[in-house]
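A structural walkthrough
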Amino acid sequence: MFSAMLGEAWHAMGANRLRTFLTMLGMVIGVGAVVLMMAIGQGAEASVKRSISAMGSHLFVVLSGPPRMGGARTATGNAPSLNVRDANAIVELYGVVGVAPVTMGKGQVVYASNNWNTDIIGTTAEYMDIRGWGLSAGYPFSTSDTRSATRVALLGKTVVQNLFGEEDDVDPIGKTIRINQRPFVVLGVLDSKGQTLDGRDQDDTIIVPLTTAQRKLFGNQLPGTVRQIMVQAESDNVMSMVEDALNSLLNQRHNIREGADSDFSVRNLTAIANSAAETARTMSLLLGAIASVSLLVGGIGIMNIMLVSVTERTREIGIRMAIGARERDILMQFLLEAIMISIVGCLIGIAIGVTGAVLVSVFTQAEVIVSSASVLIAFSVAASIGVFFGFYPARKAARLNPIEALRYQ
Amino acid sequence: MQQSVIEVNHLYKAYQTAAGDFPVLKDVNLQVLSGDYVAIMGPSGSGKSTFMNILGCLDMPTAGSYVLDGYAVATMAADQVAKVRNQTIGFVFQGFNLLARASLLDNVALPLVYAGVSKEARHARASLLLEKVGLSKHMHSHPNQISGGQQQRVAIARALVNQPRLILADEPTGNLDSTTSEEIMAIFDGLNQEGITIVLVTHETDIAEHAKRQVRFLDGRIVQDTGAVASTEIGHDHV
Ligand SMILES: Nc1ncnc2c1ncn2[C@@H]1O[C@H](COP(=O)(O)OP(=O)(O)OP(=O)(O)O)[C@@H](O)[C@H]1O
Ligand SMILES: [Mg+2]
């Protein structure tokens, strides 16, 4: 009996193809939009999450200079206020598991006839651990390299590509490059890290020992000073404690009285990253919500057309009742039709949404993720919409009085 | 003892209209025994169709009792009434009332769908009945491809498909010419000989003469009844 009803529902759908198609279109667009928007939102979320895990976890960065006030740095001269001894003191703090002083600048790099301008990071061997940054080839530098300021360098992938060419035919390890005219031996190649949250290419970087950078690359304003100190805490739980300890330790070391402006600022990178992830998640939800509205509109379209259909087929309903259809048979017949329209529309919508997602990722390079969950959600929502919006018209049909339905012209 | 298929007592029906209640049936009493063949006649507007619709459980009376096959229709639940319409009664309409979208076979098989019969059995039974009314060649045609007389045959086949005890027909020949009418009536005559109880409405005396019993309506009342005939006597009258 059910299969007979399915067959009839299928026939009824085919009886007025244009109308069925237009009704379905609402569903197709709604589901397509949900699938596509969720794919874009989840893709954005995933790429933010990846940037965060690439950054390293439980991280603070202590910056030279007073905290930014309303976006503008209050001028206290250009000389960095932090130094290596600050870094050494921070190591002793409870809850701190890693510290890396960092100084940075721009450098012109030359290999053979290739030229490249890139960021130079001068830091200690610990930096790599803190950032969770490995090497794809070669070796990292050691503490003895830092101590004796050897001219060695670790190259980011982008730098390698620009100096040694896109193809892998030249092995950069052991080659001598020139940074700001001075020769450096390439020790290793850094793993690719991709972009930062704000879209900077993290692979466009060279890492050299801190002392090398200070003495041989950037000259020096004050011996031993650094622009920033990366600090890694042991776990999420000690983050706020470590932040307080960093502030009080540095205030004390820099002789800053209570209430006076600091000459450094402590930033919780993890918190910033998490809020970025939160933003991405909210975006993703918002996109889904907006797309759901079109699903709702599609549902209303189904309800509308089912009401028209019930009115048009009043006589048919009367005939069916006269030969023994029960209320529930009529209800089921129209409900099945509504569900069928919404499910077929939904399947087409999923296909279109997935295709759209693929096109978006091809043409914008943005990451999109079509998860089975989002497809499943779209499908079940569409089916429920069929039931929900189909129910009222179907019940209206089932409640018709047979003789009045038969008399309907 | 003769079993009565229809027993109607003090039946009233009034339609609610904007101008107030409009009485159509006023104290109708009728008993139809199993195997009877009744023709209802009467002027237009005398309430014949209203009465037939009540007999067919398509409409409910305002007052009075209707006992069908031993069961009081007023006490039945909606699903039971649907089952009665499906299995006890075969209703034939003046306007045929076939589903335009379905083939003749599907039209005839439709009551079996609601009876929960399997697809193979449905098709077997429906094609048997189409053969009986002489339409097996048109099984897969649609109603708009055949003549009015043929459509009425299909409607009769549909009414018969669940082997009902009672056939109700409201002016079954009203839309047909006299030759075609005779063909349709021949089918009814045959069914009655098989033992099926038939009540039909007609305006034509020669159609009414096919029946064993004539009942005349006037202004919502039965004014003439040639009387119930016992089934044993039927044999003497007609064979
Ligand atoms: N739904 C309705 N609402 C109001 N009045 C109705 C309705 N149906 C029928 N009537 C009235 O009831 C009366 C009887 O109608 P009915 O159809 O039973 O007559 P009939 O004997 O079948 O006539 P005919 O021979 O023309 O078919 C008529 O006066 C008609 O106008
Ligand atoms: Mg009538």
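Look a little higher up for the structure.
Here, residues in each chain are numbered from 1, in the same order as that chain's written sequence. Ligands are numbered from 1 and chains lettered from A, in the order in which they are written. Local features in this predicted model are restricted to residues whose pLDDT is 70 or higher, and side-chain atom pairs enter the listing and the counts only when it is 80 or higher, whereas totals over whole chains, interfaces and linings include all residues. Excluded from the side-chain calculations are hydrogens and water; all other atoms, namely the structure's heavy atoms, are used.

Here's the deal with the pattern of salt bridges
By definition, a salt bridge exists where a carboxyl oxygen of Asp or Glu is found within 4 Å of a side-chain nitrogen of Lys or Arg. On inspection of all chains with the given rule, the structure shows 18 salt bridges over all chains. Between B:R165 and B:D69 there is a salt bridge whose closest N-O contact spans 2.5 Å. With B:R165 in the loop between helix 5 (148–160) and strand 7 (166–170) and B:D69 in the loop between strand 4 (63–68) and strand 5 (71–72), the pair connects residues that are 96 residues apart, well separated along the chain. Salt-bridge contacts for B:R213 lead to B:D225; the nearest nitrogen and oxygen are separated by 2.8 Å. With B:R213 in strand 9 (residues 213–218) and B:D225 in strand 10 (residues 221–225), this residue pair connects regions lying twelve residues apart in the sequence. For every residue, the accessible area obtained with a 1.4 Å probe (protein chains only) is divided by the maximum for its type, and the residue is called buried under 20%, exposed over 50%, and partly exposed between those limits. With relative accessibility at 2%, the residue B:R213 sits in the buried group. Linked through salt bridges whose partners overlap, the residues forming this network are A:E8, A:R313, A:E316, A:R320, A:E337 and B:R101. Every helix listed is a DSSP run of H or I at least four residues long, and every strand listed is a run of E at least two residues long, numbered separately from the N terminus.

Quick look at the pairing of strand 11 (residues 228–233) of chain A
The two faces of the sheet receive side chains in turn, since in a regular strand these alternate between them. All names here are of chain A. Here strand 11 lies mainly inside the structure; six of its six residues are buried. Burial of strand 11 is two-sided: the residues Q228, M230 and Q232 facing one way and the residues I229, V231 and A233 facing the other way are all buried. Taken together, the five bridges between strand 1 (residues 59–64) and strand 11 define a ladder with antiparallel strand orientation. Across the sheet, F60 pairs through a bridge with V231, a residue of strand 11. In this description, strands pair whenever DSSP reports at least two bridges between them. Strand direction decides the pairing type here: strand 3 (residues 96–111) and strand 11, joined by six bridges, are antiparallel. Across the sheet, A100 pairs through a bridge with M230, a residue of strand 11.

Overview of empty space enclosed by the protein
The way it works is a 1 Å grid over only the protein atoms, where trapped points that fit a 1.4 Å probe form a cavity and open points with protein on both sides within 12 Å along at least five of seven lines form a pocket, and then any residue with an atom within 4 Å of a point lines it. Grid points are joined across faces, edges and corners, and a volume is the space filled by probe spheres set on the points. The full count for this structure, using the stated rule, is one cavity of 30 Å³ or more. Of the volumes computed, that of the largest cavity is approximately 110 Å³. Along its surface, the largest cavity is lined by 13 residues, and A:I323, B:R85, B:I89, B:G90 and B:F91 are the ones closest to its centre. Broken down by element, the lining of the largest cavity gets its largest block of residues, three residues, from strand 6 (residues 89–92) of chain B. Under the convention adopted here, Pro, Cys and the residues Ala, Val, Leu, Ile, Met, Phe, Trp and Tyr are nonpolar, Asp, Glu, Lys and Arg are charged, and Gly plus all remaining residues are polar. Among the residues forming the lining of the largest cavity, the class breakdown is seven nonpolar, four polar and two charged.

A few points about the packing of aromatic side chains
Residues and elements named next belong to chain A. Any two rings among Phe, Tyr and Trp, with Trp reduced to its six-membered ring, count as a pair given centres within 6.5 Å; such a pair is stacked if its planes are under 30 degrees apart, edge-to-face if over 60, and tilted if neither. Evaluated as defined, the whole model comprises four aromatic pairs over all chains. Between the aromatic rings of Y111 and F164, the centroid separation amounts to 4.4 Å while the plane-to-plane angle is 40°, which identifies the pairing as tilted. With Y111 in strand 3 and F164 in helix 6 (residues 157–164), the pair connects residues that are 53 residues apart, well separated along the chain. An identical accessibility class is assigned to Y111 and F164; each is buried.

Details of the layout of surface pockets
Size it by volume and the second largest pocket reaches roughly 660 Å³. Lining the second largest pocket are 29 residues, with A:E8, A:H11, A:R320, B:A102 and B:D106 positioned closest to its centre. Sorting the residues of the lining of the second largest pocket by element identifies helix 1 (2–15) and helix 10 (314–322) of chain A together with helix 3 (104–114) and helix 4 (119–132) of chain B as the ones contributing at least two each. The biggest single contributor to the lining of the second largest pocket is helix 1 of chain A, with seven residues. Looking at the lining of the second largest pocket, its residues break down into eleven nonpolar, eight polar and ten charged.

Some details on the interface of chain A and chain B
Across the contact, 25 residues belong to chain A and 20 residues belong to chain B. Buried surface area refers to the total accessible area, computed with a probe of radius 1.4 Å, that the two partners give up upon joining, counted for both partners together. Summing both sides of the interface, chain A and chain B together bury roughly 2100 Å²; the carbon and sulfur share of this comes to 58%. A 3.5 Å cut-off defines polar contacts: any pair of N or O atoms within that distance qualifies, except that in protein one atom must be a possible hydrogen donor and the other a possible acceptor, and neighbouring residues in sequence count only when both atoms are side-chain atoms. In this assembly, chain A and chain B are joined by five residue pairs in polar contact (both at pLDDT 80 or more). Counting residues per element, the ones that place at least two in the side of chain A that touches chain B are helix 1, helix 10, helix 11 (327–364) and helix 13 (402–407) of chain A. Top contributing element to the side of chain A that touches chain B by residue count: helix 10 of chain A, with six residues. Of the residues contributing to the side of chain A that touches chain B, the split by class is 13 nonpolar, three polar and nine charged. Residue contacts are defined here by distance: any two heavy atoms, one from each residue, within 4.5 Å place the two residues in contact.

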